[in-house]
Each structure stands twice: as structure tokens, then as C-alpha cells.
Amino acid sequence: MEREAPGEKGGPRQAIEVKHIWNIQKLNTDQVTNLTSELRISPLLATALINRGFSDVDAAQSFLQPKLANLSPPEAIPGMNAAVARLLQARANKQKVVVFGDYDVDGVTSTTLLLDCLGRLGWNIAGYLPDRVDDGYGLTDNGVATCRSQHQPDCLIAADCGSTSHQIIHQLQQDGIDVIVLDHHQVSDPVPPACALVNPQLAGPDDPDFRELCTAGLAFKLVHAIVKSGREAGLDGFDAFDIRDTLDLVALGTIADLVPLTGENRILALKGLQQLGRSQRPGIQALVKAAGIKPPVDSFAVGFQLGPRLNAAGRLDSAMDALDLLCAEDDGIATELADKLDRRNRDRQRIQKDITQQVLDELETQFDPDRDYAIIRGDTGWNIGVVGIVASKIQKEFYRPTFIFGGSPDGFRGSGRSIDGFDLAAALRECDDHCLKAGGHAMAAGASLGPDQLDGFRTRLNEIARAELATATLMPTLNLDASVPLRELNFQAVQSLEQLQPTGRGIHSVQLAVPQLELDAPVRWMGQDNQHAKLAVTDGSTTTEAVFWNAANKPMPEGRFDLAVEPSINTWRGRRTIQLKILDWRQAG
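Treat the numbers as computed from the prediction; the structure is a model and nothing was measured.

## Here we look at the packing of helix 13 (residues 320–327) against helix 14 (residues 331–366)
If you want to describe how two helices pack, look at the angle between their axes and the distance between the axes.
At step 1: Following both chains from N to C, one finds helix 13 and helix 14 inclined at 145°, their axes separated by 9 Å at the closest point. Judged by the twist between their axes, the crossing of helix 13 over helix 14 is left-handed. Between helix 13, through Asp 321, Ala 322, Asp 324 and Leu 325, and helix 14, the contact on the second element is made entirely by Ala 334, Leu 337, Ala 338, Lys 340 and Leu 341.
At step 2: Classifying every residue of the contact of helix 13 with helix 14 by side-chain character gives 6 nonpolar, no polar and 3 charged.

## Observations regarding the sheet that holds strand 7 (residues 375–378)
At step 1: Taken in spatial order, the 5 strands make up an open sheet running 7-8-9-11-10, and their pairing is mixed. Whereas interior strands pair on both sides, the edge strands pair on one side only; in this sheet they are strand 7 and strand 10 (437–440). The sheet shows a mean angle of 15° between the axes of neighbouring strands, direction not considered.
At step 2: In this structure, strand 8 (residues 402–408) lies alongside strand 9 (residues 411–417), joined through 7 bridges in antiparallel fashion. Opposite Ser 408, over in strand 9, you have Gly 411 as the bridge partner.
At step 3: Relative to strand 9, helix 15 (residues 387–398) is tilted by about 45°, and along the sheet it contacts strand 7, strand 8 and strand 9.
At step 4: The strands touched by helix 17 (residues 454–468) are strand 7, strand 8, strand 9 and strand 11 (444–449); relative to strand 7, the strand with the most contacts, the crossing angle is about 170°.

## Let's talk about the confidence of the model for the chain
At step 1: When the pLDDT values of the chain are averaged, the result is 93; 97% of them are 70 or greater.
At step 2: Of the regions scoring below 50 in pLDDT, residues 9–15 engages in 22 contacts with residues more than four places distant in sequence or in other chains.

## Looking at helix 11 (residues 282–290)
At step 1: Along helix 11, the residues that are buried comprise Pro 282, Gly 283, Ile 284, Ala 286, Leu 287 and Val 288.
At step 2: Where helix 11 is buried, its residues touch helix 9 (247–256), helix 10 (263–277), helix 12 (299–316), helix 13 and helix 14.
At step 3: Where helix 11 ends, the next residue or the one after it, Gly 292, has phi of about 70°, a positive value.

## Re the side chain of Arg 132
At step 1: Take Arg 132: it is sitting in the loop between strand 3 (124–128) and helix 6 (141–151).
At step 2: Of the side chains with opposite charge, Asp 102 lies nearest to the buried Arg 132, which makes no salt bridge, at 7.0 Å.
At step 3: Not counting residues up to four positions away in its chain, the partners in contact with Arg 132 are Tyr 103, Gly 314, Arg 315, Ile 384, Gly 385 and Arg 413.

## As for the packing of helix 12 against helix 14
At step 1: Running from N to C, helix 12 and helix 14 point in directions that differ by 70°, and their axes come no closer than 8 Å. One finds that helix 12 runs roughly perpendicular with respect to helix 14. Contact residues: Pro 308, Arg 309, Leu 310, Ala 312, Ala 313, Arg 315 and Leu 316 in helix 12; Leu 341, Asp 342, Arg 344, Asn 345, Asp 347, Arg 348 and Ile 351 in helix 14.
At step 2: Looking at the contact of helix 12 with helix 14, its residues break down into 7 nonpolar, 1 polar and 6 charged.

## Describing unusual backbone geometry
At step 1: Following Pro 295, the chain continues to Pro 296 via a peptide bond in cis, the omega torsion being 0°.
At step 2: By the secondary structure assignment, Pro 296 is in the loop between helix 11 and helix 12.
At step 3: That bond from Gln 501 to Pro 502 is cis: its omega, 0°, falls within 30 degrees of zero.
At step 4: Locating Pro 502 in the fold gives a position in the loop between helix 18 (491–496) and strand 14 (512–519).
At step 5: The phi torsion at Asn 550 lies on the positive side, around 50°, for a residue other than glycine.
At step 6: Structurally, Asn 550 can be placed in the loop between strand 17 (543–548) and strand 18 (561–572).
At step 7: Overall, the relative accessible area of 26% leaves Asn 550 in the partly exposed class.
At step 8: Phi is positive for Arg 573, which is not a glycine, with a value near 55°.
At step 9: Within the secondary structure, Arg 573 is located in the loop between strand 18 and strand 19 (575–587).

## Regarding the pattern of salt bridges
At step 1: Considering all chains together, one arrives at 23 salt bridges under this definition.
At step 2: Between Glu 75 and Lys 228 there is a salt bridge; the shortest N-O distance is 3.1 Å. Taken as a pair, Glu 75 in the loop between helix 3 (57–64) and helix 4 (80–92) and Lys 228 in helix 8 (residues 215–232) lie far apart in primary sequence, 153 residues in all.
At step 3: Residue classification places Glu 75 among the partly exposed positions, given a relative accessible area of 35%.

Reading the values: rules and limits
Residues numbered from 1 in each chain as written. Predicted model: local features only at pLDDT ≥ 70, side-chain atom pairs only at ≥ 80, totals over all residues. Heavy atoms only, no water. Axes fitted to C-alpha atoms, helices over the stretch in contact; angles between N-to-C directions. Helix = DSSP H or I, 4+ residues; strand = E, 2+ residues; numbered from the N terminus. Left-handed = near helix turned anticlockwise from the far one by under 90°. Contact = heavy atoms within 4.5 Å. Nonpolar A, V, L, I, M, F, W, Y, C, P; charged D, E, K, R; others polar. Pairing = 2+ DSSP bridges. pLDDT = per-residue confidence, 0-100. Buried < 20%, exposed > 50% of the residue type's maximum accessible area, 1.4 Å probe, protein only. Lys, Arg positive; Asp, Glu negative; His and termini not counted. Salt bridge = Lys/Arg side-chain N within 4 Å of Asp/Glu carboxyl O. Parallel < 35°, antiparallel > 145°, perpendicular 65-115°, else oblique.

Given below as C-alpha cells:
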């Protein structure tokens, strides 16, 4: 998956103004005082920890100081021991192992990690990534046939796919090719007949919970288990092998795949970001340079700068360029590939912007908020590699379940994004007669339609959405940590919030209500198209900079107002100052 950076432009605002419900959390002052005293942290950080479920001192301490030593043993993951045994057998017998990955960042990083580690540890190993258009997602007939033709595997690792591929895995096993599935997605019933199915979704109620790991995290766990077994068996080279060197790849996959940054993911992401900053991989160094990132590399840089460039390869062309970049050992080759992905990303942004504008132009005259409970748009000329990003943007703009379809050999292929209270995967099951294929999760899904099915799909999904969604649901909620006077948002308090990093899904950035403000100067506009607004806001005693991204054609705060903001420390030319990212505003009461 991929996110749109605050600075990326997507056209003018929609015909309706989507309002927010401000849900300001109630403070438990006793808990705030206790955490502040016991951990010697700011009251603002203590408040944020409590709102994220860490009111216990020990739990909060563990969250603030994650350690690799606290990771659970990898063999506790279902199917892990069988996978290790089969791979060690392949090594001993010099059999060909092929990693069949996926074209997104999680698939590319997990494939890279396995190729790197198993290659250095003595395996005969190769990698294959399917083509988004020609092969489609996962173990498709065409993708597997091409992989077999190119590599002739004895053992195939399906990384970030395979959990629902019962028929093709059965055929591979019949043909004498053992399949190891390494995946975190839902498993089909019946379960695919792989020789090892490493998937935390198969865990029992009393087993350790690894279900939030992405495939890059699972690949790290698999290598960890292999190294442990190799050391116990006395295999050459295993004692000196340091798996911590792979954490840069794990961080890329974990953050870009939008899995919750809690539990083991927090440990892997934080330690992985630290490894990213000192990574010796020529490909990562070249990509960081091409993206113009200055250290330290944080979750924003991964989610909005590195991740999109790696994803751009599979969106517009072959994801093999991203795999070749991360596997590159030569600085010159790495630079060429990083520059190529940078150009691809700019192409992606242009194509995405054009499609988004077309959708917005249609909706400006055709969207009826009282009639349209879901938004479905499609065009055979739209690139299927970017429709998911467009769907995400339209969903945020209009706060409706949204499906955007592009052209495919069968007709249409598209991606959907949902809102709280509407299970998109469940709705798709009621659209079976209007789809060739569909599936996904409650908040994100995909579907393939025949050339004449788009109108019927639009009608059916809208009927389902209209039946399930109340009007009140169609207003997004801002969950604000507290209401804090501007004078209390001093540098030390805001800087203390950096201890929550990395933030993302599951651990969202701190968001606050700041009441009773006024403008201290006229609004300044910035950006290539003057689409961003910079404000100086004051409570009469303190003045702070606030930024309103993509604010063209939006009403600006006036008179006396409250702001909903995300505070941060902004660094510009060596100077660090407080900056408030404006999420919403309302007239002060």
C-alpha cells in the first residue's frame, strides 16, 4: 500500500465541504500525574501514552524503550519449524530455491532479505516478482509458469502471497516442487497443501500473537529461525551471521505496508530505522540520496519518500528494478537504478494527478451527497498501478467508500478504500454476480470486472452502502488527545513527543485541540501552485507557525477560532522550531 505525501497535489477541493467530528479525549489526571512522576516525562507525553493504552508504568516503559531481546522466539509462529527443516534439506541437497514475491514494498523487501541471507548462508537461490498487468497478484497460472520457465525451482517460497492459492500449490506439489508459503494474509478454507504454511493467522487462541507482522517481519523471523538451527547443527558460517543487518529491509516493509506499529512491529520498525540510517547497502544509500532525504531516516521518509519510489517500479513497469536496486552491490548500478525509480515516481505522480483530476471533475457535477453513499468510477484508459492511491485520496476528500477502476485485459481492475462502519470485503461478497473476482479486508479491497459490469457493480455497491450507513457515519472523526492552550505547547513539551516515534497505524501522531486563537499576520501561500497556507496564530501571549497543506479553495480560519493540529518540531536551515499541522478549524465557542 501507499500513502500520499502532504506536498503532493491532487486538484481542487470537491463540491461539498466534509466536516469533522472533534472527539477530545477526557484526561485521567491521576494517571497522567503517575506516569509523569514515575517515568520523568512531560504531562503531554504521559497523556499521549495513556490514550494509546499505556497507562501502566511498566508497559509505558517497555513502549518507550523497545528492545530486540523482547522479541518472541520465531519457532512459535505456525509452520516455522517445517519451513526451516525443508530449507535446510534444500541446502544440504543443493536444490534450487526460488522466492516468488510480490510487487509492493513488503513483497520486494521480504524477497530481498531472503535472497541476501540465504545466498550468503550457502543456498542456491533466485527470485521472481510477478508483473502487475501480465501476471496479476500472487501465484497466478501465468506468473508461476513464467517463474518455472526462468528458474526451474525444486522448492518455491511464496513470499507475501499464497495463503489462498490452493489449486496452483496443489499442482506444484504434484509436479514435485515443494511450496513454502510465507505470508500474513487471511488463509483460505481449505488450507493450501503447502509443505510449510508460515502464517500467523493460523495461530491458536493460546499462542503468541504475530498476526500484525508483515511479510518482511516474517522473513526476518524465518532467517532468525534458520540461523538458530544452523548454529545448533554446527553449520559453517552460521555462528558469525548477524541478522540485525537485515533490519533496514524490515523497517521499509513494515512501515510501507501500513501494519500497526505496536508490539513486535514497533521493535522491528524502530531498530530498523536506526539500521536504515547506517545501512551499507548501495541500493538504500542511492535511494536515500535520490529522494533528497537528510538523516535521520524516519517513518515519514519511509512512508512518503522511499516507499513510493520502490512501489513506483511495480506500479508502472516491472518491480524487478526495485528488487535489483535493493540487491545491488555496485554503487554505480545502484545510482542508475535509484535515479530510474525516482523518474518512475514522478511519472506515477503525474498519472495519479491526472486520474484524480478526472474523477474530481466528474464528481463536481455528478456527486449527490444525499444519494451517493459510495463512489465508484472507472475508465479503461486509467493505469491500474495507481488506482488504489486515487481511491484513497477520493475517500478522504468525500468520506465515502470508494472504488476506482482502471483497464485490464479482462475489462476493469480496481482498488477500494472504505470508511469506519462499512466492511468493504463483506460488501464485495454481496456483489459476486457483478465481479469476475474480488477480495480484501474491511478497509481496503480489490476487484476485477468484465467490460460490461461497471454500471451494475456501481448500483449494487451503492445499494449496500445506503442500507448500512447512517448519515452521522459520513462525517470523519478527529480523535484529539487533549485540549491544550497554545502557551503550553512549548519546545520541550512538543519535542518530548518524538519518543513516540515511529508513528503510523496503531500509534498515530499526537493530535490536539488548541482553543481561542487568532491570526497574528496575513496568510502566506507557498508551494509550486500556492496550494499550501502558512499561518501565524496567537493566543495573545504566544505566537506559533501553523501549516495548512493542500488548502487552496478551502476556507481559512478567521476571527477567533479553535484549531485541531498535529504538533511537531520543524528543522529549517539548522533551526528547530515548533510547527502545527492544521487538521481542521472551527469558530471558537
